[in-house]
Amino acid sequence: MRFVFCLFIAAGLSFAAATAQAADWIVKKTFGPVWIQSRGVQKVSLSRGTRLSSNAIVITGRNGRTVLVRGTETMSIGPNTLIKIPSANRGTTRILQDYGTVVYDVNRKQTPHFTVETPTLASIVKGTEFRVFEGERVSKVFVRHGAVRVTDFGHGVHALVETGQEAVIVHGSPKGMVIVGASSADPADKAAPEKPDRGPPGGSGSPAAPATNGASINTNTNQGVAGNNGNNGGNGN
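Basis of the calculations
Residues numbered from 1 in each chain as written. Predicted model: local features only at pLDDT ≥ 70, side-chain atom pairs only at ≥ 80, totals over all residues. Heavy atoms only, no water. Helix = DSSP H or I, 4+ residues; strand = E, 2+ residues; numbered from the N terminus. Contact = heavy atoms within 4.5 Å. Areas by Shrake-Rupley, 256 points an atom, 1.4 Å probe, with all protein chains shown as cover. Buried < 20%, exposed > 50% of the residue type's maximum accessible area, 1.4 Å probe, protein only. Pairing = 2+ DSSP bridges. Salt bridge = Lys/Arg side-chain N within 4 Å of Asp/Glu carboxyl O. pLDDT = per-residue confidence, 0-100. Core = buried A, V, L, I, M, F, W, Y, C linked by side-chain atoms within 4.5 Å.

1. Things to note about the overall build of the chain
Helix and strand counts for the chain come out as 1 helix and 18 strands. Intrachain contacts of the chain at a sequence separation of at least 6 include 52% that bridge at least 24 residues. Of the roughly 12000 Å² of accessible surface on the chain, 55% is carried by carbon and sulfur atoms.

Structure, rendered in structure tokens:
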């Protein structure tokens, strides 16, 4: 009986480990300077096949790009971008995109399960393909397929952004979020301004957002894909 019990425990641990690995993001492609940083560890170059653990930070340089995959889901990260991947919580995924451009292709589910947060907005989806850009002067969410619920933290505005539409937030503008494109989305509705806790996942050691003078990592968001609404900035092609 003890032997059977031990086998059961071992099988359970193996299943849990396999499930955890299946939930990890894996590096499919890299181009140019791309780094990874974990809690308390200095950043190192990111290579193809690397499995990213929870609380990993991915940083691309001026000419760097990378594609991360998790099953059939992808994150195509453009140049001058920093994202953090906190631990998954109850089947949901939360990505913290401090700056730069990322194209997300997310599996469809019945309930919202994937959230992208930048310093100025949050995008919540059930499943779709969309691009998020966070720059020094403007933030944008462009929806290629499906629909994304976007929240403007600074003005407490929520809107449903649908295929072909783009949500645009000009930093410092009293106007708030503007939806550009065919008007088939829900009208924006007001709510109390809300801003999430964007502390470094897992504690200290995360790099700060870039200074406007471009110190350390080059953060000129006009480079590469940063401001091009018609191009896939980090598709790895």
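Picking up after the structure, the text goes on.
2. Overview of the pairing of strand β10 (residues 114-117)
Across the two faces of β10 the burial is the same, with Phe-114 and Val-116 and Thr-115 and Glu-117 all buried. With 4 bridges joining them, strand β9 (residues 93-105) and β10 adopt parallel strand pairing. Within the sheet, the bridge partner assigned to Ile-95 lies in β10 and is Val-116. Here 4 bridges tie β10 to strand β11 (residues 121-125), and the two strands are oriented antiparallel to one another. Of the residues in β11, the one forming a bridge with Phe-114 is Val-125.

3. Re the pattern of salt bridges
Scanning all chains against the criterion turns up 5 salt bridges. Residues Arg-70 and Glu-73 are paired through a salt bridge, measuring 2.7 Å at the closest nitrogen-oxygen approach. For the pair formed by Arg-70 and Glu-73, the shared burial category is buried. Notably, a salt bridge pairs Arg-131 with Glu-166, separated by 4.0 Å at the nearest N-O pair. A residue pair is termed long-range when its members are at least 10 positions apart, and Arg-131 in strand β12 (residues 129-134) and Glu-166 in strand β16 (residues 166-170) qualify at 35 residues.

4. Some details on the confidence of the model for the chain
For the chain, the average pLDDT comes to 77, and 67% of its residues sit at 70 or higher. Confidence over residues 201-237 falls short of pLDDT 50; this stretch has 82 contacts with residues more than four positions distant or in other chains.

5. Some words on the nonpolar core
Leu-52, Leu-68, Met-75, Ile-83, Tyr-104 and Phe-130 are the most contacted members of the largest nonpolar core, which has 33 residues in total. Those residues in contact with Leu-52 that lie beyond four places of it in its chain are Asp-24, Trp-25, Val-27, Ile-36, Leu-46, Val-58, Leu-68 and Ile-85.

6. A short note on the pairing of strand β8 (residues 82-85)
Each regular strand shows side chains that alternate between the opposite faces of the sheet. Side chains Leu-82 and Lys-84 project from β8 onto one buried face, and the interleaved Ile-83 and Ile-85 project onto a second face that is buried too. Two elements, strand β5 (residues 56-60) and β8, share 4 bridges in a ladder whose sense is antiparallel. Following the sheet pairing, Val-58 is matched in β8 by Ile-83. Both β8 and β9 contribute to a ladder of 3 bridges, which runs antiparallel. Its bridge partner being in β9, Ile-83 is matched across the sheet by Gln-97.

7. Looking at unusual backbone geometry
One non-glycine residue with positive phi stands out, namely Asn-55, at about 70°. For Asn-55, the position within the fold is in the loop between β4 (51-52) and β5. The phi dihedral of Asn-80 is positive, around 50°, even though this residue is not glycine. Mapping Asn-80 onto the fold places it in the loop between β7 (73-77) and β8.

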